Amino acid sequence: MIASTITLHHCLFLSILIFSIGAFGVLVRKNIIVILMGIELMLNAVNLSFVSFGYFNSSLDGQLMSFFVMTVAAAEAGVGLALAVTVFKKFKKIDIKLFETLRD
Amino acid sequence: MTLSAIIFTPLIFGALLCFLKSDKSIKVSTFIFSIVHFLLCLFMLSNFDKTTIDIQMAEKISWLPSMGISYFVGIDGLSVWLVMLTSFMLPLVVLGSWNSITKKTKVFHLCLLGLQTTMIGTFLALDAILFYTFFELSLIPMYFLIGIWGGKNKLYAAMKFFIYTMAGSVFMLLGIIALIFMTKSNGGVMSASILDFYALDIPFVAGSYFSTQTLLFFGFCLAFAIKVPLFPLHTWLPDAHVQAPTSGSVILAGVMLKMGTYGFLRLVLPVFPEAAEYWSWLFLYLGVMGIIYGALVAMVQTDIKKLVAYSSVSHMGYVVIGIFSLNTFGLTGSLYQMLCHGISTGALFFLVGMLYDRTHSREITKYGGLAVKAPIYAIAFVIVTMSSIAVPMTNGFVGEFLILLGTFGASKVAAGFAVLGVILGAAYMLWLVKRVFFGPEGELVASKDEAFFKLTIKEKLVLAPLIVMIFWMGIFPNHFISYSEASLNHLSKNMSNYELNIVGQANGPEVNSNNSQGESK
Amino acid sequence: MEKTLLSILLLTPVIGFLINGIRFRSKNIKVAGSIGTGAALISFICSVALFFKVKAAPDHMVLVKFFDWINIGSLNIAAEFLVDPISSIMILIITGVGTLIHLFSIGYMDHDERPAKYFSYLNFFLFNMLVLVLASSLPLMFVGWEGVGLCSYLLIGFWFTDKEKAAAGMKAFITNRIGDAGFLLGMFMLFYTFGTLSFGELNEMMPAIPEIGWAGPVTLACLFLFIGATGKSAQIPLYVWLPDAMAGPTPVSALIHAATMVTAGIYMIVRMSPVFMVAPNVMMVIATIGGLTAVLAAAVGLTQWDIKKVLAYSTVSQLGYMFLAVGTGAFIPGFFHLMTHAFFKALMFLGAGSIIHAMHHEQDMRKMGGLKKKMPITYWTFMFGWLAIIGMPPFAGFFSKDEILWLAWASPLGSKWLWALGMIGAAMTAFYMTRLMCLVFWGEETRSDHKVKESGLTMTFPLMVLGFLSATAGFLGIPHVISAVLPGHPPNILGDWLGHTVVHLDIHGSAITEWLLMGWSVTVAGASALLAYYCYIKKITFVDKFTEQFKPLHQLVEKKYLVDELYQAKIITPLIGVSKILWSDIDVSFVDKCTHLLSRFAVSCGKGFRSFQNGNMQTYAFYMLLGSAVTLFYIMTGMGK
């Protein structure tokens, strides 16, 4: 019964919620690791909406797309962590502000 | 194919040049190539039909059909001598910089060849976008010429030259795009062909600053006026000239400035006839101011090269007033003056460069009495000076006379002020000659002997053709004018409904819109 | 045939110029001089032949076209040469006097370093002068007009290592250029009014009724052309270059700055006499300027000590006479005076050259004196020149000068005032020329320390020929009243010959008045000469007293009215000052600053946007989010539609 009450809107609402939490984390946290986690949250929120759209429109396209996103997310997390490690090695800290030294 | 060959052989040869190693082989082969290129242009000239006003030897290949842009080149009386001038200068420039360029010889010659392609391309392009492309591309090699082989302050000068000229051209690009869209509403098909621009009837309201034609007119004028350079947009010129190497100055003054005045003739007058006529007074007075201002400022210069640079401002002022007198005399005079200025100012820069190569100073006060130590050099300098101040029987006179005659027909007051330039021109040039060549020997002259100033064979070979041209063009101007007479006459008489066709195609503009046409004869 | 003659006439000087020009390093004056003189002589022979050709021609005119020079639309300028009565006389004078002066130069320049250069310039001058007088149209005349200016520039500055001589050449050229600018404007005015610039057509197209007022096109054109003439012929206010031009070698002063080039302005007006007759106001200006120049220059001549300066001011003054003549419509007497002046002034300059050469380049008359015995040929020929210039009958100057004075009095365009100016000038001329004779030839010997010898034959022969001409050339233009009383009633040969092309005024004055005036002017000149003689030989103290009395005036005149200083202070210095301000304050500090301001504006814009680019990732991310939110909002609310 309960399942029948879950509509597309519920899924999208959840997706927005997760996305916002992720975006908030990306914008305000200083720790690179946490920011990366925020990004993961955002990506997964998008994945959720893809899958939901696919499900409710009886199409596999959404699910298909979510695989791509996951792949990209994995690659991105790899690069991001590598950068974080490099920064940590140099400064013994993982603060996002340290990237400002790249500006000039 | 002749025209494309003329445009692109320098570039192709430049590619081959990359395989050469030794400096000497680069110089020799470039020199030989430049002679061949000049012969090619002579061949083109021999095939040129001076009786027709139409575009000859046209080639048209579609390039971006959706915008109506094509590779479209052709030649007529307006451009034929400018192409010849450009090609004539190349061997002299190669020869003249033989010993003075010691670093990066290959790049230097590549720059010269690149300039050749872009300058000739500018003169031959009949598609506005193609014209713009060449017009702008020509800045790059010149930028390198000034920036790499220039004097102390070369980077500043090169940057100023580049950005100043570029800034003006942006307005022209906007104008070209606007005109392309207008051709669509006019003929149904977009076309960037300049010949189609001629057919446009652009709305013009006398007295209004914001009618379409006035705005476009000023956009184009800004681009060309900076290039000319017209007072008060001239300040890049002295810096560029003083910092540029001799060859750069020669090409800059000899040919590149003419791209601006050529633009007036090719695009501004025929495309915006009403605005040109309405605003001609403005350009007459700016030109006259340039003449007097340039001459006065030249008079008090302490650096020989800067003096010559300001004299260019003055001379190009003549060209502008000739163009905006809008009659046959003025237009013919302007075209002639462009060639004369190319030759005589080119020669002046060569001469100054030869002196600089020896003494490494251009301070006028350090010279004096040079005519004793360097008689042949002095004779050459005085002859070129006479040409520059327009003494009859030298080329300068014919152009200046016709320009003043034309200007007098357009505005007596402007002509009255312009003749002051005749006096001031004599004043600053003769004063220069007096301070450098006459009087007691200056510090740089006294310590050197005659052999030090003796001209080498190469230097004599550079000067000889220029001096021959000075007299040839002064005594037999008809040999030159007759090629352009029909075109200029057509432009001055039919400016408001100007139209050009391709030879053999009665209704050129209609055929032009047929973009699939590969090549037309 | 005519074409061949003309080609030889014009081309031999060019060939001479080229040959001597190419071997300009040669120090061999014999070779260089022979080439130069030979070229001039061949030209002279051609001139004589052409003269007879023209005389035989039915309409006294030979028109030869070589090629089209500038041909655009309605403007047709051909290299076309016209030999008619006026130009045929001119070419005779130019090549004749020219040949003599070339010959003289061989002696005069014998110690010079660069004789070949010198002769090449002289030959080139001959060519340009011939082009000037033979031109059939104004632009072609302008070719010669500027060409002779160029040669004058080169020859004045011949010894260019001297700073002042080089400056004198430059001054001559630039002053002439001022006139040339006027010439150009006059030419344009005529072209736009009549559509042609050829003399023949212009003279025919002139309206019959003279223009009234100042704004008429012909009046303006004539005024501008006259400005050109004041430059070339050294009239007020542009005469300042001629005294300085004496820096050149003396034969050059004789040829260019006395006999030929400086008369170009008069020649031009005579050539266009029908045009100038249409502009009576301009004629008045010409006559007034001429008269004033005649007097003012003569006054300066009274005070100078440099022999060449005296002769230079004398030339300016005599040119003033010629303008006075043409301005009163007396074109033929003006031209007649041009011719006689060419003979006697060339003679005097060459005489002065002979003296200067003998005195080892001493030009101060106070250091000369008593040269009568030492240089007899120079003395006697100079004497002829002196008699001619002060207007003693029957020497050449008498006829031409009295014709001018008579027409200034009697012509409808003349006036008593102009005549009075002429008279004062004549009296002064007699005084300063006699002064010169006294100081140089008659007075005591002041320099016995070095031997002064008579010059060689190459120098004395031209003197003798010119002396003969100065004595006899007057008989070519015997005035009507004189010929009426002479046996056989000799005709006015020159007047009749020129009358074919030049406007000839019919003057109906009484013969008695003319005789009276003639007698009066001879008396005045004679008295003035006598006075000078007494002052400088018998040492009466008149001059000292006079100068003491009018000291400020005398100093002003002696300093040449401070005109050079005035021009320097009021024109040249301010112009240079303005130019410097233009350069440093306007060009560098304003125009270029504006450019820099514009570029700085672009830079500051960039700086403004740069603050967005602070390197903080989270800020970037925030902008991105903001951007996508705005975009989404825009799309979803349908505002894009």
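All values reported here derive from a predicted model rather than from experimental measurement. Per chain, residues are indexed from 1 in the order of the written sequence. In the order they appear in the text, chains get letters beginning with A and ligands get numbers beginning with 1. With the structure being a predicted model, the display of local features is reserved for residues of pLDDT at least 70 and the display and counting of side-chain atom pairs for 80 or more, all residues being used for whole-chain, interface and lining totals. Only hydrogens and water are set aside; all other atoms, that is, all heavy atoms of the structure, feed into the side-chain values.

Caption draft 1: Geometry of the packing of aromatic side chains. In summary, the pairing rule links any two rings of Phe, Tyr or Trp, Trp by its six-membered ring, whose centres are within 6.5 Å, and it sorts them by plane angle into stacked for under 30 degrees, edge-to-face for over 60 and tilted for everything else. Enumeration over the complete set of coordinates arrives at 76 aromatic pairs over all chains. Here Phe191 of chain C and Tyr192 of chain C contribute two aromatic rings whose centre-to-centre distance is 5.6 Å and whose plane-to-plane angle is 80°, an arrangement assigned as edge-to-face. The cut-offs for exposure are 20% and 50% of the maximum accessible area for each residue type, with area from a 1.4 Å probe on protein chains only; residues under the lower value are buried, those over the upper are exposed, and the others partly exposed. Under the relative-accessibility criterion, Phe191 of chain C is labelled buried at 5%. Taking 5.4 Å as the distance between ring centres and 85° as the angle between the ring planes, the aromatic pair formed by Trp386 of chain C and Trp442 of chain C counts as edge-to-face. You can see Trp386 of chain C sitting in helix 17 (residues 376–390) and its partner Trp442 of chain C sitting in helix 19 (residues 416–442), a full 56 residues away along the chain. Criterion for a charge above a ring: Arg CZ or Lys NZ at most 6 Å from the ring centre, at most 35 degrees from the ring normal. The aromatic ring of Trp431 of chain B is capped on one face by Arg435 of chain B, whose charged end is 3.9 Å from the ring centroid. Against the face of Phe158 of chain C rests Lys117 of chain C, its NZ or CZ located 5.0 Å from the ring centre. In this text, helices come from DSSP runs of H or I with a minimum length of four residues, and strands from runs of E with a minimum of two, each type numbered from the N-terminal end.

Caption draft 2: Main features of the pattern of salt bridges. Salt bridges, as used here, are contacts in which a Lys or Arg side-chain nitrogen is within 4 Å of a carboxyl oxygen on Asp or Glu. For the structure shown, the criterion picks out 13 salt bridges over all chains. Ionic pairing is found between Glu459 of chain B and Arg358 of chain B, a salt bridge with its closest N-O pair at 2.8 Å. Here the residue Glu459 of chain B occupies a position in helix 22 (residues 457–475), and Arg358 of chain B occupies one in helix 15 (residues 328–359), the gap between them amounting to 101 residues. Judged by its relative accessible area of 16%, Arg358 of chain B falls in the buried class. One salt bridge connects Glu146 of chain C with Arg177 of chain C, and the closest N-O pair in it is separated by 2.7 Å. Here the residue Glu146 of chain C occupies a position in helix 5 (residues 138–156), and Arg177 of chain C occupies one in helix 6 (residues 163–194), the gap between them amounting to 31 residues.

Caption draft 3: Spotlight on the nonpolar core. Among buried residues, the Ala, Val, Leu, Ile, Met, Phe, Trp, Tyr and Cys ones that are joined through side-chain atoms within 4.5 Å form a nonpolar core. Ranked by internal contacts, the top residues of the largest apolar core, which has 435 residues, are Phe401 of chain B together with Leu138 of chain C. No other element matches the 18 residues that helix 15 (residues 331–358) of chain C contributes to this core. Judged by nonpolar contacts, the second largest core, of twelve residues, contains Ala84, Val87 and Phe99 of chain A together with Ala621 of chain C.

Caption draft 4: Representation of unusual backbone geometry in the model. Looking along the chain, the bond that leaves Val228 of chain B and enters Pro229 of chain B is cis, with omega of -10°. Looking at the secondary structure, you find Pro229 of chain B in the loop between helix 9 (212–227) and helix 10 (236–243). Each neighbour pair has its own omega, and for Phe231 of chain B with Pro232 of chain B the value is 0°, a cis peptide bond. You can see Pro232 of chain B is positioned in the loop between helix 9 and helix 10. The phi angle at Met393 of chain B is positive, at roughly 80°, despite the residue not being glycine. Relative to the helices and strands, Met393 of chain B resides in the loop between helix 17 (375–388) and helix 18 (395–410). The backbone of His60 of chain C shows a phi angle near 55°, a positive value even though the residue is not glycine. Among the secondary structure elements, His60 of chain C is positioned in the loop between helix 2 (29–56) and strand 1 (62–72). By relative accessible area, His60 of chain C is classed as buried at 17%.

Caption draft 5: Structural view of helix 2 (residues 8–28) of chain A. What a helix should span is 1.5 Å times the count of its residues minus one. Here helix 2 of chain A is 21 residues long and its end C-alpha atoms lie 30 Å apart, about the 30 Å a rise of 1.5 Å per residue gives. Within helix 2 of chain A, the full set of buried residues consists of Cys11, Ser15, Gly22, Ala23, Gly25 and Val26 of chain A. The arc that holds every buried residue of helix 2 of chain A, seen down its axis, measures 155°, which confines them to one face. For helix 2 of chain A, exposure combined with an orientation more than 90 degrees from the buried face picks out His9, Phe13, Ile16 and Phe24 of chain A. Contacts were defined at the residue level, with two residues in contact if any of their heavy atoms lie within 4.5 Å. For helix 2 of chain A, the elements touching its buried residues are helix 3 (32–56) of chain A together with helix 27 (617–636) of chain C. The arc in question is formed by the directions pointing from the helix axis toward the C-beta atoms.

Caption draft 6: Layout of the interface of chain B and chain C. Of the residues lining the interface, 64 residues belong to chain B; the matching set on chain C comes to 51 residues. Buried area: the accessible area, evaluated with a 1.4 Å probe, that two parts lose upon being put together, summed over both parts. Approximately 5100 Å² of surface area, both sides summed, lies buried where chain B meets chain C, with 77% of it carried by carbon and sulfur atoms. Considering only the side of chain B, the residues that lose the most area to chain C are Val300, Phe401 and Phe408 of chain B, jointly responsible for 12% of the buried surface there. If you look at where chain B meets chain C, you find two salt bridges. Note that Arg25 of chain C and Glu450 of chain B form a salt bridge whose closest N and O atoms lie 3.0 Å from each other. Considering each element in turn, the side of chain B that touches chain C owes the most residues, 14 residues, to helix 19 (residues 412–437) of chain B. Asp, Glu, Lys and Arg are counted as charged, while Ala, Val, Leu, Ile, Met, Phe, Trp, Tyr, Cys and Pro are counted as nonpolar; the rest, among them Gly, fall into the polar class. Split by residue class, the side of chain B that touches chain C holds 45 nonpolar, twelve polar and seven charged.

Caption draft 7: Inspection of the side chain of Thr434 of chain C at higher detail. All names here are of chain C. Here Thr434 shows up in helix 19. Thr434 sits in the buried class, given a relative accessible area of 1%. With sequence-adjacent residues up to four places away left out, Thr434 is seen in contact with Trp386, Trp442, Ala529, Ala532 and Tyr533.

Caption draft 8: A look at the pairing of strand 2 (residues 69–75) of chain B. Residues and elements named next belong to chain B. In terms of burial, strand 2 is a largely internal element, seven of the seven residues being buried. Burial of strand 2 is two-sided: the residues Ile69, Tyr71, Val73 and Ile75 facing one way and the residues Ser70, Phe72 and Gly74 facing the other way are all buried. A pair of strands is treated as paired once DSSP finds two or more bridges between them. Across six bridges, strand 1 (residues 56–64) lies against strand 2 in antiparallel orientation. By the bridge assignment for strand 2, Lys60 is matched with Phe72.

Caption draft 9: Examining the environment of Lys97 of chain A more closely. With respect to the helices and strands, the residue Lys97 of chain A is situated in the segment after helix 4 (61–91). Setting aside anything within four residues of it in sequence, one finds Lys97 of chain A in contact with Lys30 of chain A together with Asn616 of chain C.

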